[in-house]
Amino acid sequence: MQKNNAKAMTQGAAMLALFTIFFVIALYVPLISLIAFLIAPIPLAWYAANYSRQQSILLGVIALVLSFLFGNLVGPGLAIIFIVTRIVLGDGSRHKKSKIYLF
């Protein structure tokens, strides 16, 4: 159990770092922001698809705090949209829901 928890924390930190990097790029770099907006939520969805709902929500809360730190006033509003949709999509994917359900 301890090894699985350490693995979840390590991968969570890596996915959080990727999300933060893409989120900051999406907010501050003009031309690349369109691509970064599409790529930013993918690490959260991957994590939600592989780990429990509680761990995914904790990662989402930490991502929200980081988006507040790096994204001034616009960041948290945009991050809430990313976080909620990707946690729901990842959770549905983990439970093998249909594509219509995920849509």
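Everything numeric in this text was worked out from a predicted model, so none of it was measured.

**Looking at the side chain of Ser-67**
Point 1. With respect to the element layout, Ser-67 can be found in helix H4 (residues 53-70).
Point 2. A residue is classified by how much of its surface remains accessible, and Ser-67, at 1% relative accessible area, is buried.
Point 3. When neighbours within four sequence positions are excluded, Ser-67 is seen to be in contact with Phe-23, Asn-72, Gly-75, Pro-76 and Ala-79.

**Description of a nonpolar patch on the surface**
Point 1. On the surface, Tyr-28, Val-29, Leu-31, Ile-32, Leu-34, Ile-35, Leu-38, Ile-39 and Ile-42 cluster together into a nonpolar patch covering about 940 Å² of accessible area.
Point 2. Considering every element that reaches the nonpolar patch, the biggest residue donor is helix H2 (residues 33-39), with 4 residues.
Point 3. Structurally, Ile-39 is set in helix H2.

Calculation rules
Residues numbered from 1 in each chain as written. Predicted model: local features only at pLDDT ≥ 70, side-chain atom pairs only at ≥ 80, totals over all residues. Heavy atoms only, no water. Helix = DSSP H or I, 4+ residues; strand = E, 2+ residues; numbered from the N terminus. Buried < 20%, exposed > 50% of the residue type's maximum accessible area, 1.4 Å probe, protein only. Contact = heavy atoms within 4.5 Å. Patch = residues over 30% accessible without salt bridge, like charges linked within 9 Å, V, L, I, M, F, W, Y side chains within 5 Å. Areas by Shrake-Rupley, 256 points an atom, 1.4 Å probe, with all protein chains shown as cover. Salt bridge = Lys/Arg side-chain N within 4 Å of Asp/Glu carboxyl O.

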